[in-house]
Amino acid sequence: MANIKEPENKKEFIIRVRVTPAEREEFMKRAAAQGYRTVSEFIRSLIADKPTSPEKNKGVS
């Protein structure tokens, strides 16, 4: 069966933010410290209605 994402999970927009090298490192450190594999996962967790664990989001970037 094809790998088809559910419509509510479709990502249509990109948000670009310019950060300094120090800010980038801080985002990466905080994401890793909280168990996220990517900064994207970490940032999504900041706006989640319910707290999400990094385990639940494995494979999402």
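Notes on the structure follow. Computed from a prediction, not measured in an experiment: that's the story for all the values here. Within each chain, residues carry numbers counting from 1 in the order of the written sequence. Predicted model: local features are reported for residues with pLDDT of at least 70 only, side-chain atom pairs are reported and counted for 80 or more only, and whole-chain, interface and lining totals are derived from all residues. To obtain the side-chain values, all non-hydrogen atoms of the structure were included, while hydrogens and water were left out.

## Digging into helix α2 (residues 39-47)
Three or four residues apart is the spacing at which side chains of an α-helix point the same way, because the helix has 3.6 residues per turn.
Here's step 1: Buried, partly exposed and exposed residues are distinguished by accessible area as a fraction of the type maximum, computed with a 1.4 Å probe on protein chains only: under 20%, between the cut-offs, and over 50%, respectively. Strands here mean DSSP runs of E at least two residues long; helices mean DSSP runs of H or I at least four residues long; both are numbered from the N terminus. Of the positions making up α2, those classed as buried are Glu41, Phe42 and Ser45. The arc that holds every buried residue of α2, seen down its axis, measures 100 degrees, which confines them to one face. Opposite its buried face, α2 presents the exposed residues Leu46 and Ile47, each directed more than 90 degrees away.
Here's step 2: In this analysis, two residues are considered to be in contact whenever any of their non-hydrogen atoms come within 4.5 Å of each other. Check the buried side of α2 and you find it contacts α1 (21-33). The arc in question is the one traced by the directions running from the helix axis out to the C-beta atoms.

## Notes on the packing of aromatic side chains
Here's step 1: Ring pairs shown here join Phe, Tyr and Trp side chains whose ring centres sit within 6.5 Å, with only the six-membered ring taken for Trp; geometry is labelled stacked below 30 degrees between planes, edge-to-face above 60, and tilted in between. Tallied over the entire structure, the rule returns 1 aromatic pair.
Here's step 2: Arranged with centres 6.1 Å apart and planes meeting at 55 degrees, the rings of Tyr36 and Phe42 form a pair that is tilted. Phe42 shares its class with Tyr36; the two are buried.

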